[in-house]
Amino acid sequence: MRRFEGRVALVTGAARGIGRAIAVRLAEEGAAVALADRDEDGVVAAAAAIGAGAMPLACDVVDRASVDAAVSAVIARHGRLDVLVNNVGVSSGTAFEEIDDAAWREQAGPTLHGAVRCVQAALPHLLASPVGGAVVTIGSINGLAAFGDLVYSAAKAGLQSLNQNLAVLYSRRELAARGSSSRGIRFNLVAPGTIRTPAWTDGGPERMARLDRLDRLYPAGRVGEPEDIAAAVAFLASDDASWITGIVLPVDGGALTGPLSFD
Ligand SMILES: NC(=O)c1ccc[n+]([C@@H]2O[C@H](COP(=O)([O-])OP(=O)(O)OC[C@H]3O[C@@H](n4cnc5c(N)ncnc54)[C@H](O)[C@@H]3O)[C@@H](O)[C@H]2O)c1
């Protein structure tokens, strides 16, 4: 499938894990991709591995000037932006009683406010997209049920509200009512279950042991791979989903189907 031929996509947190797999998938389907990450070496390596003109961008989503500069660089190179994937998310598992201001800022900041900054920076370009803009945000099943990790989960739940409200605010109908001829922007959110990424595999023996346990608990018989999420993101960003906006799509191997113990 070449659903993104002639289109330009920006993926945040794309140096590794899910973000990298999304960039690979969009590039495979013909997109000119820009990979943004605060890990400068990592994002250069990820873009080089993709080839096909993939563009690495050193970008920290907690810094507005950095986000604005990343979007400007994409526009300077390609003159358009059709797809934005908000993939950055930070979780530290801080116990509720220990959530101080720093913990809130360090997790909710990039996860929720980071996505706001990216949408704001990309907005005029997505509105100008001749094919209609598409934003896909990576949430989590933690935003949909009580799996603990409270700062992270609250930020992910916040992304769902953001997604829904923006889907209406920048819909073709609302824009037309404001006198704009823009095709509008579709906003959708993918809520992954446990995905085998470096966030788990680089976390030491305890995290690996937990991942092995989770592998057996998922109804699908395994935890997810980054490519499972990339496939869903590519669908929602493509014209195949042209009548889908404002939704939350769990991609979770069945985790939300019933009471599972994740301990
Ligand atoms: N892995 C899972 O089990 C899982 C489950 C549900 C949701 N998610 C979500 O999927 C997304 C990706 O997760 P992952 O497991 O691939 O993560 P990861 O930790 O493997 O990769 C995250 C990437 O984001 C980058 N990053 C972090 N903070 C940044 C910032 N401020 N600015 C720019 N880049 C920054 C990191 O450098 C890294 O390259 C996150 O939003 C995460 O919450 C992951």
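Residues numbered from 1 in each chain as written. Predicted model: local features only at pLDDT ≥ 70, side-chain atom pairs only at ≥ 80, totals over all residues. Heavy atoms only, no water.

Draft legend 1. Inspection of unusual backbone geometry at higher detail. In this model, alanine 52 sits at a positive phi of 50 degrees, which is unusual for a non-glycine residue. Mapped onto the secondary structure, alanine 52 falls in the loop between helix 2 (40–50) and strand 3 (55–58). Accessibility expressed as a relative area gives 71% for alanine 52, which makes it exposed. If you check the backbone angles, aspartate 149 has positive phi at about 55 degrees while not being a glycine. Structurally, aspartate 149 is set in the loop between strand 5 (133–138) and helix 5 (150–169). (Helix = DSSP H or I, 4+ residues; strand = E, 2+ residues; numbered from the N terminus. Buried < 20%, exposed > 50% of the residue type's maximum accessible area, 1.4 Å probe, protein only.)

Draft legend 2. Up close: the pattern of salt bridges. All told, the structure shown has 11 salt bridges when counted by the stated rule. Salt-bridge contacts for arginine 3 lead to glutamate 29; the nearest nitrogen and oxygen are separated by 2.8 Å. With arginine 3 in the segment before strand 1 (8–12) and glutamate 29 in the loop between helix 1 (17–28) and strand 2 (32–37), this residue pair connects regions lying 26 residues apart in the sequence. Taking relative accessible area as the criterion, glutamate 29 reaches 2% and is therefore assigned buried. The partner of aspartate 240 in a salt bridge is arginine 3, and the shortest N-O contact between them spans 2.8 Å. On the criterion of sequence distance, the pair formed by aspartate 240 in the loop between helix 9 (226–237) and strand 7 (248–251) and arginine 3 in the segment before strand 1 is long-range, its members being 237 residues apart. When salt bridges that share partners are traced, they join Arg3, Arg25, Glu29 and Asp240 into one network. (Salt bridge = Lys/Arg side-chain N within 4 Å of Asp/Glu carboxyl O.)

That's the geometry; what it means functionally is another story.
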